[in-house]
Amino acid sequence: MTYKEWFDELGEKTVSIEKQCFTNENFSSNILEKTILVNNKVIDVFSTTLMYNDFTMILVLNNDIDYSLLTRERHTKHELILERLAYFEYYTSTSDWKPDYGLMFERILDGYIFRTDIINIAYLPLESFFPTQIGNKDLFKVLLCIPLSDNECDYLRKFGQEKLIQKLKECKADIFDLFRDSCI
């Protein structure tokens, strides 16, 4: 099974939409996007399609997020989220940096006036939060991008990913919500 096939079957049998989100003279990135139902909640799932160093990234966000509330100016989710996800891919490919579980991008939306404390992204195991099976684990590794607060990032650094996952679950944090309160 290819990653695209696995992503198309993720959550339900709806086919994903592929969009080009980031391009320059040396690099272009496409994003897979689909809407699925998880625990009776509609969520948007975004993923890079380029496989670099055998990993790919998934970002999951609540479908009803009003992205215009995040900044003083009106932005669509494609401007705010998809371009950032594509930029992470660009950064890792141009700097030869390979993220792994527990690592993070801090202040992912620097440059925007962001109206939430959840402005970082950490890579945590997909299966810890997201009910899905990963096919072909020998061919690709999926990194789930979880939005975190600065305090949660500090906690991750200090205590590690297992303790942070436990803390998020104890708080019943909606990890797909960019407006949620920090658990730390």
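Structural data are supplied above this passage.
Note that the structure is predicted; figures quoted are calculated from it, not measured.

Each value, and the rule that gives it
Within each chain, residue numbers correspond to sequence positions counted from 1 in written order. It should be noted that, the model being predicted, local features are given only for residues of pLDDT at least 70 and side-chain atom pairs only at 80 or more, the latter also being counted only at that level, while totals for whole chains, interfaces and linings use all residues. Side-chain measures here rest on the full set of heavy atoms in the structure, leaving out hydrogens and waters. Secondary structure follows DSSP: runs of H or I at least 4 residues long count as helices, runs of E at least 2 residues long count as strands, and numbering of each begins at the N terminus. Exposed residues in this analysis have more than 50% of their type's maximum accessible area, buried residues have under 20%, and partly exposed residues fall in between, with area computed by a 1.4 Å probe over protein chains only. Polar contacts, as used here, are pairs of N or O atoms within 3.5 Å; protein pairs need one atom able to donate a hydrogen and one able to accept it. Residues neighboring in sequence count only if both atoms are side-chain atoms. For two strands to pair, DSSP has to find at least two bridges joining them. Should any heavy atoms of two residues lie within 4.5 Å, those residues are considered in contact. Only the contacting stretch of a helix is used when fitting its axis, a line to C-alpha atoms as for every element, and angles between N-to-C directions run 0 to 180 degrees. Only centres within 6.5 Å qualify two rings of Phe, Tyr or Trp (six-membered ring in Trp) as a pair; their planes then separate them into stacked at under 30 degrees, edge-to-face at over 60, and tilted for everything else. By definition in this entry, angles of less than 35 degrees are roughly parallel, angles greater than 145 are roughly antiparallel, angles of 65 to 115 are roughly perpendicular, and the rest are oblique. Under the scheme applied, nonpolar residues are Ala, Val, Leu, Ile, Met, Phe, Trp, Tyr, Cys and Pro; charged residues are Asp, Glu, Lys and Arg; polar residues are all the others, including Gly.

1. A closer look at the side chain of Thr-56
Mapping Thr-56 onto the fold places it in strand 4 (residues 55-62). Look at Thr-56 and you get buried, because its relative accessible area is 0%. A polar contact is formed between the side chain of Thr-56 and the backbone oxygen of Thr-48, at a distance of 2.7 Å.

2. Regarding the sheet that holds strand 7 (residues 141-148)
Ordered by their spatial adjacency, seven strands build an open sheet running 1-2-3-4-7-6-5, and the pairing between neighbours is mixed. Every interior strand has two partners, whereas the edge strands, strand 1 (17-23) and strand 5 (104-105), have only one. Two elements, strand 4 and strand 7, share five bridges in a ladder whose sense is parallel. From the neighbouring strand, Ile-58 faces strand 7, where its bridge partner is Leu-144. Set on the sheet, helix 4 (residues 150-159) makes contact with strand 5, strand 6 (120-125) and strand 7; between it and strand 7 the angle comes to about 130°. The sheet contacts of helix 5 (residues 161-170) involve strand 6 and strand 7, and relative to strand 6 the element is tilted by about 100°.

3. Observations concerning the packing of aromatic side chains
When we look at a pair of aromatic rings, we describe it by the centre distance and by the angle of the planes. On inspection of all chains with the given rule, the structure shows seven aromatic pairs. Their ring planes at 40° and their centres at 6.3 Å tell us that Tyr-87 and Tyr-90 sit as a pair that is tilted. Linking Tyr-87 with Tyr-90, this pair stays in helix 2 (residues 77-95), spanning three residues, or about one helical turn. For Tyr-87, a relative accessible area of 31% gives the class partly exposed.

4. Some words on the packing of helix 4 against helix 5
Running from N to C, helix 4 and helix 5 point in directions that differ by 135°, and their axes come no closer than 7 Å. Judged on the interaxial angle alone, helix 5 and helix 4 are oblique. Contacts between helix 4 and helix 5 pair Glu-152, Tyr-155, Leu-156 and Phe-159 from the former with Gln-161, Lys-163, Leu-164, Lys-167 and Leu-168 from the latter. Looking at the contact of helix 4 with helix 5 residue by residue, the classes come out as five nonpolar, one polar and three charged.

5. Digging into the side chain of Glu-152
Within the fold, Glu-152 resides in helix 4. A polar contact is formed between the side chain of Glu-152 and the backbone nitrogen of Ser-149, at a distance of 2.8 Å. Of the polar contacts made by the side chain of Glu-152, one reaches the backbone nitrogen of Cys-183; its length is 2.9 Å.

6. With respect to the environment of Glu-18
Along the polypeptide, Glu-18 turns up in strand 1. Given the relative accessible area of 42%, Glu-18 is considered partly exposed. Glu-18 sits 29 residues away from Ser-47 along the chain, and the two C-alpha atoms are 9.5 Å apart. Here Glu-18 is in contact with Lys-4, Asn-30, Ile-31, Leu-32 and Thr-49, once residues within four sequence places are set aside. At 3.5 Å, the side chain of Glu-18 and the side chain of Asn-30 are in polar contact.

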